[in-house]
Amino acid sequence: MLTFLRHTGLATFAALFQSPFWAFSQCVWRLLIYSLPITAVIAFFSGAVLLTHAVSALALVGGGPVSGYIVALGGVRELFPLLAASALACRAGGEISSELAALKLGQQLEAVEGMGVNSYRLLVGPRVLACMVGSALLVPISDVIGLCSAYWVGVYQLSIDPGNMQESLLIWLRFSDLAVGMLKGFLFGWLVGIISTYEGVHAKGGANGIGQAASRAVVRSMIAGYLLSFALSYAIYGNSSLG
Amino acid sequence: MSLVASVLSAAWQMFRLAAASSIKALLSPSCLRLCAQQSASLGFKCLGPVVLILAPVGAMFALQAYALVHAFDIERILPIGIAPVLIREIAPGFTCFTLAMLACTSIAAEIASMKTNREIEATLAMGIDPRAVVVGTRVLSLVILAPLLNVVALFSAAGGSYFIAVTVKQIPSETFWVGLFQNLRVYDVVFSELKCMVLGLLLGAICTYFGYNAQGNINGIRRAINWSVNLSVATVFSSNYFINLALC
């Protein structure tokens, strides 16, 4: 694992400078295109469900109309970044690990090495970097979709006044919350990239190995990402209040 | 229009395969044993991830909820406020999300590789209906497994919330547990378990369909896994919303 991390770290760093910009941007674009639809679906329905529950929870203390606070704080600080990165883990992570596993099991990775090309620089580095950038880009998209769906459900389904809804969604939202979400996405993306490429490159055992590699990649990156996200939240928000 | 028609047609085929296979499995004498085996095998695989995912989720939820109640100086309602959301949303939602990623990948890959290795044809040649043995038992095992894992997930998320509320934010332990159970209704628990069963059924239908219809070799398995995971995750979140809409 340490050797893999060293090779991958070097390859990712090299991808920053050596990989042609179009190749890297193509990688990020592909990853975004793969992950965007599922991210949009997840963010839309999570925003809607979060608001519905916020309304029913705050109704206990007569605070239904200010329930947008919960979506703004819980959603933008925690839920939307986490779910965007999870969507990336399940879509792009599964794709990357199964793609590399298929190359490995088809002995194409060995063929690449045999031609004197560094497979880490060619296949691993750009994918890890693309996961980091792609995940950070997915977070604000997910935030916007989540907030819009909460607004839509609040106004059209729960009949909350549009002005109240807009104010409660935006009043406590800080740029720092969005930035922390993007940082979480960036680090989660790094974990997804590292774990998915590791599982793909180390796949074993015929056709079954592809499924096992994809499954392990998705689950391990999710667990590592959630634990990392909690550690970050605790470090950043552990002693702070809303401001 | 043709896209809608093809989506509806695929959904109908998924439903037909899952329903026919599950009924055949239920009628077969070895159904209980096979379902128990499948559930146990998938359950052991998913147990660790469910605990490890739900504990930080519960903790993060409590952390942000505390920030909100602290701003209004009503910390005492923290456990009362988080209990229904933990039971009705977080535990079933993330349990099925984990199942979608882990169990669905595993089932789709397993059935797809059986299909591409012609093991399913071999089963048919032996006079055994592969839909009952391969598809039906897996669909039923997810229906059984999802509510069971939901209970584990609930305790795990409650543990994460307890860590933040009691250990970090110094809310008395007794206040936390009393508040958590004070607002707990039987309806919420039943709703949560029912939701897991419905989502388990949908997940089973999706992953078995893509596995059973896999074509080609390695790339066919890859496609089956990817489609199965994506559609399962999207289904968990969208169905969750519609179930809430219908039952709340």
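Small disclaimer: the values here were computed from a predicted structure and weren't measured.

Thresholds applied
Residues numbered from 1 in each chain as written. Chains lettered and ligands numbered in written order. Predicted model: local features only at pLDDT ≥ 70, side-chain atom pairs only at ≥ 80, totals over all residues. Heavy atoms only, no water. Contact = heavy atoms within 4.5 Å. Buried area = accessible area lost by both parts, 1.4 Å probe. Salt bridge = Lys/Arg side-chain N within 4 Å of Asp/Glu carboxyl O. Polar contact = N/O pair within 3.5 Å; in protein donor to acceptor, adjacent residues only side chain to side chain. Helix = DSSP H or I, 4+ residues; strand = E, 2+ residues; numbered from the N terminus. Phe/Tyr/Trp six-rings, centres within 6.5 Å; stacked < 30°, edge-to-face > 60°. Buried < 20%, exposed > 50% of the residue type's maximum accessible area, 1.4 Å probe, protein only. Bend = angle between axes of the 7 residues up to and from the residue. Core = buried A, V, L, I, M, F, W, Y, C linked by side-chain atoms within 4.5 Å.

Quick notes on the interface of chain B and chain A
Then step 1. Residue-level contacts link 46 residues of chain B with 52 residues of chain A.
Then step 2. Across the chain B/chain A interface, buried area totals approximately 4200 Å², and carbon plus sulfur atoms make up 78% of it.
Then step 3. Three residues, Met60(B), Gln64(B) and Tyr241(B), lead the burial of chain B against chain A; their summed loss comes to 16% of the area buried on that side.
Then step 4. Taken together, the links from chain B to chain A amount to 0 salt bridges.
Then step 5. For the pair chain B and chain A, the interface holds 5 residue pairs in polar contact (both at pLDDT 80 or more).
Then step 6. The element contributing the most residues to the side of chain B that touches chain A is helix α8 (residues 218-247) of chain B, with 16 residues.

A word on the packing of aromatic side chains
Then step 1. For the structure on display, the rule yields 19 aromatic pairs over all chains.
Then step 2. With a centroid separation of 6.1 Å and an interplanar angle of 80 degrees, the aromatic rings of Tyr226(A) and Phe94(B) are classed as edge-to-face. Pair noted here: Tyr226(A) is in helix α8 (residues 206-237) and Phe94(B) is in helix α3 (residues 78-116), and the two residues belong to different chains. Accessibility classification places Tyr226(A) together with Phe94(B) in one group, the buried group.
Then step 3. Taken together, the aromatic side chains of Phe44(A), Phe45(A), Trp152(A), Tyr241(B) and Phe242(B) make up a single cluster linked through ring pairs.

Quick notes on the side chain of Thr98(B)
Then step 1. Examined against the element boundaries, Thr98(B) turns out to sit in helix α3.
Then step 2. Here the side chain of Thr98(B) touches Phe94(B) through a polar contact of 2.6 Å, landing on its backbone oxygen.

Quick word on the side chain of Ser161(B)
Residues and elements named next belong to chain B.
Then step 1. In this fold, Ser-161 is placed in helix α5 (residues 130-168).
Then step 2. Given a relative accessible area of 0%, Ser-161 falls into the buried group.
Then step 3. Look past the residues within four positions of Ser-161 in its chain and what remains in contact with it is Gly-58, Ala-59, Ala-62, Ile-82, Leu-86 and Phe-176.

Comments concerning the pattern of salt bridges
Residue and element names in this part refer to chain A.
Then step 1. Tallied over the full model, the rule gives 11 salt bridges over all chains.
Then step 2. Residues Glu-199 and Arg-220 are paired through a salt bridge, measuring 2.9 Å at the closest nitrogen-oxygen approach. Remark: Arg-220 occurs in helix α8 and Glu-199 occurs in helix α7 (residues 175-201); sequence separation between them is 21 residues.
Then step 3. Residue classification places Arg-220 among the partly exposed positions, given a relative accessible area of 46%.

Topic: helix α2 (residues 31-71) of chain B
Owing to its 3.6 residues per turn, the α-helix aligns residues three or four sequence positions apart on the same side.
Then step 1. Remark: the principal bend of α2(B), roughly 35 degrees, maps to Cys46(B), with a proline, Pro49(B), within the next four residues.
Then step 2. Phi turns positive one or two residues past the end of α2(B), at Asp73(B), with a value near 60 degrees.

Describing unusual backbone geometry
Most peptide bonds take the trans configuration, and most residues that are not glycine carry a negative phi.
Then step 1. For Gln107(A), which is not glycine, the phi torsion reads 60 degrees and is therefore positive.
Then step 2. Tracing the chain through its elements places Gln107(A) in the loop between α3 (68-105) and α4 (108-114).
Then step 3. Phi at Gln170(B) is positive, roughly 60 degrees, even though this residue is not glycine.
Then step 4. Mapped onto the elements, Gln170(B) comes out in the loop between α5 and α6 (173-182).
Then step 5. Classification of Gln170(B) by relative accessible area gives exposed; the value is 62%.

With respect to the nonpolar core
Then step 1. Among the nonpolar cores identified, the biggest contains 138 residues, and Tyr226(A), Phe94(B), Phe97(B), Leu99(B) and Val233(B) are the most heavily contacted of them.
Then step 2. In terms of residue count, the dominant contributor to this core is α3(B) (22 residues).
Then step 3. Apart from residues no more than four positions distant in its own chain, Phe97(B) is found in contact with Leu83(A), Ser86(A), Met222(A), Tyr226(A), Val233(B), Val236(B) and Phe237(B).
Then step 4. Formed by 5 residues, the second largest nonpolar core is a distinct cluster that contains Ala101(A), Ala203(A), Ile210(A) and Ala213(A).

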